Amino acid sequence: MQSDIITLICRLTPSKPEMETLSDEVLRTLKQTLRADPSLNQPAFSFIQQRAKSQSSQVRLLLFKLVDYIFCRSAHFRSIFCRS
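The structure displayed is predicted, hence computed values, not measured ones.

What counts and how
Residues numbered from 1 in each chain as written. Predicted model: local features only at pLDDT ≥ 70, side-chain atom pairs only at ≥ 80, totals over all residues. Heavy atoms only, no water. Axes fitted to C-alpha atoms, helices over the stretch in contact; angles between N-to-C directions. Helix = DSSP H or I, 4+ residues; strand = E, 2+ residues; numbered from the N terminus. Parallel < 35°, antiparallel > 145°, perpendicular 65-115°, else oblique. Left-handed = near helix turned anticlockwise from the far one by under 90°. Contact = heavy atoms within 4.5 Å. Phe/Tyr/Trp six-rings, centres within 6.5 Å; stacked < 30°, edge-to-face > 60°. Buried < 20%, exposed > 50% of the residue type's maximum accessible area, 1.4 Å probe, protein only. Expected span 1.5 Å × (residues − 1). Arc of directions from axis to C-beta. Core = buried A, V, L, I, M, F, W, Y, C linked by side-chain atoms within 4.5 Å.

Engineer: Whenever I open this one, the packing of helix H3 (residues 41-51) against helix H4 (residues 57-73) confuses me. Can you help?
Structural biologist: The relative placement of two packed helices comes down to the angle between their axes together with the axis-to-axis distance. Relative orientation of the contacting elements H3 and H4 amounts to 155°, with a least axis distance of 10 Å. Taken as axis vectors, H3 and H4 run roughly antiparallel relative to one another. Viewed along their axes, H3 and H4 form a crossing whose handedness is left-handed. Every residue of H4 that contacts H3 at Asn 41, Ile 48 and Arg 51 is listed here: Val 59, Leu 63, Leu 66, Val 67 and Ile 70.

Dropping the structure here:
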């Protein structure tokens, strides 16, 4: 299940081709997966932190949008984010 989260985050934040928005279909799948198992929020957050070290500004922008999206919808994710 954790590898599914990593795969979804990678699909949402590619360095190429150029994207400015998050894919609605993949975002919906990620949201459903995180909602089904809240314990996956911590691995998702850890991977997002790791991925944010990317040299690609597109990856960092998409990650910022992803964090904003999850942050607004998940109290568990907010608590993990605030503790860090």
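Engineer: Would you mind going over the packing of aromatic side chains with me for this structure?
Structural biologist: The description of an aromatic ring pair rests on the distance of the ring centres and on the angle between the ring planes. According to the stated counting rule, one finds 3 aromatic pairs in the structure shown. Between Phe 45 and Phe 81, the aromatic rings sit 5.9 Å apart at their centres with planes inclined by 85°, giving edge-to-face as the arrangement. Here Phe 81 lies in helix H5 (residues 75-83) and Phe 45 lies in helix H3, a separation of 36 residues in the sequence. In this structure Phe 45 comes out as buried when scored by relative accessible area, which is 5%. Accessibility expressed as a relative area gives 36% for Phe 81, which makes it partly exposed. Here the aromatic rings of Phe 71 and Phe 81 are separated by 5.3 Å at their centres, their planes lie at 75°, and the arrangement is edge-to-face. Highlighted residues: Phe 71 in helix H4 and Phe 81 in helix H5, separated in sequence by 10 residues.

Engineer: Is there a simple way to explain H4 in this structure?
Structural biologist: In an α-helix, one turn spans 3.6 residues, which is why side chains three or four residues apart end up on the same side. In a regular helix each residue adds 1.5 Å, so 17 residues correspond to 24 Å; H4 covers 25 Å between its end C-alpha atoms and thus fits that length. Where H4 is concerned, the buried positions are Gln 58, Val 59, Leu 62, Leu 63, Leu 66, Val 67, Tyr 69 and Ile 70. All buried residues of H4 lie within an arc of 165° about the axis, which places them on one face of the element. Exposed and oriented more than 90 degrees from the buried face of H4 are Ser 57 and Phe 64.

Engineer: Please clarify how the nonpolar core should be interpreted in this entry.
Structural biologist: One recurring pattern in soluble globular proteins is that nonpolar side chains are buried together. Within the largest apolar cluster, 23 residues are counted, with the highest numbers of intra-cluster contacts made by Ile 9, Leu 30, Ile 48, Leu 66 and Ile 70. At the level of elements, helix H1 (2-12), helix H2 (24-36), H3, H4 and H5 are the ones that each hand at least two residues to this core. Sort the elements by how many residues they give to this core and H4 lands first, with 7 residues. Apart from residues no more than four positions distant in its own chain, Leu 30 is found in contact with Ile 5, Leu 8, Ile 9, Leu 12, Leu 66 and Ile 70.

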